[in-house]
Every structure is written in C-alpha cells, then in structure tokens.
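Here is how the chains run, residue by residue.
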Amino acid sequence: MTTTEEPLAYAERRGAVSVVTLNRPERLNAWTNELEDRYFELLDEAEADPEVRAIVVTGAGRGFCAGADMAELQRIGSAGDAGEERPKRERPRWYPLSLRKPLIGAINGAAAGLGFVEALYFDVRFSTPEAKFTTSFARRGLIAEYGVAWLLPRLVGPARAADLLLSGRVVRGAEAYEMGLVNRVVERDRLLGEAVAYAEELATWCSPTSMSVMKQQLSEAFEVDFETAARRAEVLMEESFGRADAAEGVASYLEGREPGFRPLSG
C-alpha cells in the first residue's frame, strides 16, 4: 500500500494572507534542518507573491515548536565531540527577521528552545493561555542561541530576559502577556482566526511599503540614538510624500473607502 508523506510545513491562502503551518504534530513540530528548509521556502514564496500582504505562522496539533529535534541535537553533539564539521545552512536561522512583510505568530502550544527563538522573530505574537514558553538552553547545557540574548531584553527588559535565559523556566501565555513577550492571549479555538483577522486588517488598510519601511526603522532604531533615528525618519518621510500610496491613503480616508495601496516592488 502506498502512502503519501505529509509535508513538513505547508501554506494556504486566506485572501491576502498566507497561513504557514509547521507540520510535525507527532513531534510537537520539533525543528529539523529539513523543516527549516521547507519553512524558509514558504516564507520566500509569500515574500515574492505580490498578492500576499501578511504572513501568519502556526503549528499543527498541540504544539507550536518544541525546539530542536532531540535526535538531531544528539547527532550534532556527537559530531562536535568528534571534531567533524556541521553542515552549513544556505541562510542564517534568523532569516525571518529579513522579511519585508508583516510576520505574525499564532502560538498554539509549546514554544521551547529553538521554537522560542523562532517565536521572537515574529513582528506580532498571538498566544493561547496554555501555551508554554521556555528558553530551556541552560537546562540542555547550551547557550542563548541565534540572537535571543539580543532580542529578548528588548521585548521584556534585561532583568526578565536574564530570568528566562538563566532559569529555563516555563512561562505560560498569561505571564508571557504580562511581561510583553506576546501581544495578545486568545483561547485556543479562536487563536488562528484572530491572528488571521489581524493580518487581514493589515493587508486591507495598511500600505505594504509603509509597513516594510517601518519594520526597517524598528530594527535600525535599536542601534542608534534618538536624534539619529528622528533625522532618518525625516528623510524617509520626505520619500513617502512622493509615493502614490500617500495620495491614495488620504483620498481613501476622505472618500470613506478601502485604500488601493500598491504591492511591494522588487
């Protein structure tokens, strides 16, 4: 009997939103190199499609992503002990941070270790009350991986970041919301629907170019003082006045209709 293997991740369109699902439910969507490759391919497709204006990412089954697959971690550890070279990835693991389109997480369950890091790469995070967040690195003899020590303090503050990294303790959705780790907490049966509705609102009412530029501003502002950021904003503001989106934004508001903003170019 022939069986069709399920894809490691898949995407489905909901209007102008691409919903990407990590799909190893029997392993709580534990991360492998193959899953990463497929996930990044789907992000590439969404980024390149002019009809897609926002991306929502979730996990199949009970978990979002339980971290690196233990079998793979064990293999990497053995390779490290033997002095063998690990295979090089085509793109850095923080590749999702480079997307120009809004990336929204619908975190439906455990986000542990590498899954926790992937959650930090989203622009906006929705979570269930029961979702479990844990860095877990210290409890596996590892360190703060893939930029988490840079991102986490900027979300929750240095003291809370130190707590989460050093202890590896589990934080559930309500506490994650209180500390600023997630933006909204939604019951499980409404989680994906509300995350998609938020993405659809961005896709309908917000200029793709404006959102792309603002994502860049948010990233760059971490590294500069206020005056530098403000002066850079003045330059970007002048550029925005020269785009068709600025005229369309005003006209659609005055006419009481949805704007017809242009898709991202290039």
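Quick note: structure is the one above.
This one's a predicted model, so the numbers in the text were calculated from it and none came from an experiment. (Residues numbered from 1 in each chain as written. Predicted model: local features only at pLDDT ≥ 70, side-chain atom pairs only at ≥ 80, totals over all residues. Heavy atoms only, no water.)

1. Brief notes about the overall build of the protein
Then comes step 1: Broken down by element type, the protein carries ten helices and nine strands.
Then comes step 2: Taken over the C-alpha trace, the protein has a radius of gyration of 20 Å; the compact-globule value for 266 residues is 18 Å, and the two agree within 12%.
Then comes step 3: Along the first, second and third principal axes, the C-alpha set of the protein runs to 60 × 55 × 40 Å.
Then comes step 4: Per-residue burial over the protein gives 41% buried out of 266 residues.
Then comes step 5: Per element, the accessible surface of the protein, about 14,400 Å² overall, is 53% carbon and sulfur. (Helix = DSSP H or I, 4+ residues; strand = E, 2+ residues; numbered from the N terminus. Rg over C-alpha atoms; globule rule 2.2 N^0.38 Å. Buried < 20%, exposed > 50% of the residue type's maximum accessible area, 1.4 Å probe, protein only. Areas by Shrake-Rupley, 256 points an atom, 1.4 Å probe, with all protein chains shown as cover.)

2. Remarks on the sheet that holds strand S5 (residues 111-112)
Then comes step 1: Strand order in the open sheet formed by three strands is S5-S7-S8, with mixed pairing between adjacent strands. If you trace the sheet from one side to the other, it starts and ends with S5 and strand S8 (171-172), each paired once.
Then comes step 2: By the bridge criterion, two bridges tie strand S7 (residues 132-134) to S8 in an arrangement that is antiparallel. Across the sheet, Lys132 pairs through a bridge with Arg172, a residue of S8. (Pairing = 2+ DSSP bridges.)

3. Notes on the packing of helix H8 (residues 208-221) against helix H9 (residues 226-241)
Then comes step 1: Relative to each other, H8 and H9 sit at 170°, their axes nearing to 11 Å. Relative to H9, the element H8 lies roughly antiparallel. Residues Val213, Gln216, Gln217 and Glu220 of H8 touch H9, and the partners they reach there are Arg232, Ala233 and Leu236.
Then comes step 2: Considering only residue class, the contact of H8 with H9 consists of three nonpolar, two polar and two charged. (Axes fitted to C-alpha atoms, helices over the stretch in contact; angles between N-to-C directions. Parallel < 35°, antiparallel > 145°, perpendicular 65-115°, else oblique. Contact = heavy atoms within 4.5 Å. Nonpolar A, V, L, I, M, F, W, Y, C, P; charged D, E, K, R; others polar.)

4. With respect to the packing of aromatic side chains
Then comes step 1: Enumeration over the complete set of coordinates arrives at six aromatic pairs.
Then comes step 2: Ring geometry for Trp31 against Tyr39: centres 5.7 Å apart, planes inclined by 85°, an arrangement best described as edge-to-face.
Then comes step 3: Among the residues examined, Trp31 registers a relative accessible area of 2% and is labelled buried.
Then comes step 4: Ring geometry for Phe40 versus Tyr95: centroids 5.1 Å apart, planes at 55°, classification tilted. Of this pair, Phe40 sits in helix H1 (residues 33-48) while Tyr95 sits in the loop between helix H2 (70-82) and strand S4 (103-107), and the two are 55 residues apart along the sequence. (Phe/Tyr/Trp six-rings, centres within 6.5 Å; stacked < 30°, edge-to-face > 60°.)

5. What to know about the pattern of salt bridges
Then comes step 1: Inspection of the entire model under this criterion finds 17 salt bridges.
Then comes step 2: Taking the shortest distance from any N to any O, the salt bridge between Arg13 and Glu51 comes out at 3.6 Å. Placement of the pair is Arg13 in strand S1 (residues 9-14) and Glu51 in the loop between H1 and strand S3 (54-59), with a sequence separation of 38 residues.
Then comes step 3: Measuring nitrogen to oxygen at the nearest pair gives 2.9 Å for the salt bridge that ties Arg231 to Glu227. With Arg231 and Glu227 both in helix H9 and four residues apart, the pair spans about one turn of that helix.
Then comes step 4: Taken together, the salt bridges that share partners define one network made up of Arg13, Asp49 and Glu51. (Salt bridge = Lys/Arg side-chain N within 4 Å of Asp/Glu carboxyl O.)

6. Things to note about unusual backbone geometry
Then comes step 1: If you check the backbone angles, Asn29 has positive phi at about 60° while not being a glycine.
Then comes step 2: Its place among the elements puts Asn29 in the loop between strand S2 (17-22) and H1.
Then comes step 3: Overall, the relative accessible area of 0% leaves Asn29 in the buried class.
Then comes step 4: For Ser136, which is not glycine, the phi dihedral falls at a positive 60°.

7. Observations concerning helix H4 (residues 148-156)
Then comes step 1: For H4, the set of buried residues is Val148, Leu151, Leu152 and Val156. Relative to the axis of H4, the buried residues are bounded by an arc of 100° and lie together on one face.
Then comes step 2: The inward-facing, buried residues of H4 abut helix H3 (114-120) and helix H5 (158-167).
Then comes step 3: Phi for Gly157, located one or two positions after H4, is positive at around 95°. (Arc of directions from axis to C-beta.)

8. Re a nonpolar patch on the surface
Then comes step 1: A contiguous nonpolar patch, built from Val250, Tyr253 and Leu254 and spanning about 390 Å² of accessible area, is present on the exposed surface.
Then comes step 2: Looking at the secondary structure, you find Leu254 in helix H10 (residues 244-255). (Patch = residues over 30% accessible without salt bridge, like charges linked within 9 Å, V, L, I, M, F, W, Y side chains within 5 Å.)

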